[in-house]
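Read off the chains here:
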Amino acid sequence: MTAFQIKADLTGALWRCHNRVDSLNLIRIEQIIKSCGYPGRSLVGKPTNEAAWYVLQHSPKFKVYFSLIQRAGPPFSLVAMMEDRLVTEQLKPQIYGTQITCYPLRANSAKQECFVWPILNPKQVNQRKYVIRNG
């Protein structure tokens, strides 16, 4: 077995473990939302209020919860990041420039090329980010 194969096997095992933990976290967050509503700052305090956002942002169900996130009021920078993810998933330009994308350089290659996903009206992105920081 080559070092590349060992690394690939380990990486695969770690991703399987990571995905299992993510799926369990999503189940728990959905239970909390169903019984108590979104666990925002008034319910769980700060910075715990952001934990649910991170679980949802990295789940395949983030689209389902986007409007809830908008209303729930985690820091606007997190809402903006989720909005950018939503539009990039639709293959549209992002608004705030928070998302990168990586593609393998060649088929079956571990090396990747990463880039910032295209930004809508990039000359004004700093103005939009200023609004995020200063509300």
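Student: Explain the packing of helix α4 (residues 62–72) against helix α5 (residues 76–89) to me, using residue names and the numbers behind them.
Tutor: Closest axis-to-axis distance for the α4/α5 pair is 10 Å, and the angle between their directions is 145 degrees. In this structure, α4 meets α5 at a crossing whose hand is left-handed. Where α4 approaches α5, its residues F62, K63, F66, I69 and Q70 are matched on the opposing element by V79, M82, E83, R85, L86 and E89. Its residues assigned to classes, the contact of α4 with α5 comprises six nonpolar, one polar and four charged.

Student: Talk me through the packing of aromatic side chains; I want residue IDs and the actual numbers.
Tutor: Within this structure, the stated rule accounts for four aromatic pairs. With a centroid separation of 6.1 Å and 90 degrees between ring planes, the pair formed by F76 and Y96 is classed as edge-to-face. With F76 in helix α5 and Y96 in the loop between α5 and β1 (100–104), the pair connects residues that are 20 residues apart, well separated along the chain. Pairing Y103 with F115 gives two aromatic rings, centres 6.0 Å apart and planes at 20 degrees, and the pair type is stacked. Residue Y103 is located in strand β1, and its partner F115 is located in strand β2 (residues 112–116); the two are separated by 12 residues in the primary sequence. Residue Y103 is classed as partly exposed on the basis of its relative accessible area of 44%. Judged by relative accessible area, which is 33%, F115 ranks as partly exposed.

Student: Go over helix α3 (residues 49–57) with me, naming the residues and quoting the values.
Tutor: The buried fraction of α3 amounts to seven of the nine residues, a majority that puts the element mostly inside the structure. Among all positions of α3, only N49, E50, A52, W53, V55, L56 and Q57 are buried.

Student: Please give an account of the confidence of the model for the protein that cites residues and values.
Tutor: Per-residue confidence for the protein gives a mean pLDDT of 87; residues scoring 70 or more make up 94%. Per-element averaging of pLDDT across the protein places helix α6 (residues 125–134) at the bottom with 74 and α5 at the top with 92.

Student: Any details on the nonpolar core? Residues and values, ideally.
Tutor: As a rule of thumb, nonpolar side chains are buried together in soluble globular proteins. Counting 17 residues, the largest nonpolar core has I29, I33, Y38, W53, L56, I69 and M82 as its most contacted members. When residues of this core are traced back to their parent elements, those giving at least two are α1 (3–36), α3, α4 and α5. The greatest single-element share of this core, amounting to five residues, is contributed by α4. With residues near it in sequence (within four places) discarded, L56 still touches L26, I29, I33, Y38, F62, Y65, I69, M82 and R85.

Student: Just give me the short version of the side chain of D84, but keep the residues and values in it.
Tutor: When you line up the elements, D84 lands in helix α5. Despite its burial, D84 pairs with no opposite charge; the closest candidate is R128, at 7.3 Å N-O. Polar side-chain contacts of D84 include one of 2.7 Å to the backbone nitrogen of I95. With residues near it in sequence (within four places) discarded, D84 still touches Q94, I95, Y96, G97, T98 and Q99.

Rules of the game
- Residues numbered from 1 in each chain as written.
- Predicted model: local features only at pLDDT ≥ 70, side-chain atom pairs only at ≥ 80, totals over all residues.
- Heavy atoms only, no water.
- Axes fitted to C-alpha atoms, helices over the stretch in contact; angles between N-to-C directions.
- Helix = DSSP H or I, 4+ residues; strand = E, 2+ residues; numbered from the N terminus.
- Left-handed = near helix turned anticlockwise from the far one by under 90°.
- Contact = heavy atoms within 4.5 Å.
- Nonpolar A, V, L, I, M, F, W, Y, C, P; charged D, E, K, R; others polar.
- Phe/Tyr/Trp six-rings, centres within 6.5 Å; stacked < 30°, edge-to-face > 60°.
- Buried < 20%, exposed > 50% of the residue type's maximum accessible area, 1.4 Å probe, protein only.
- pLDDT = per-residue confidence, 0-100.
- Core = buried A, V, L, I, M, F, W, Y, C linked by side-chain atoms within 4.5 Å.
- Lys, Arg positive; Asp, Glu negative; His and termini not counted.
- Salt bridge = Lys/Arg side-chain N within 4 Å of Asp/Glu carboxyl O.
- Polar contact = N/O pair within 3.5 Å; in protein donor to acceptor, adjacent residues only side chain to side chain.

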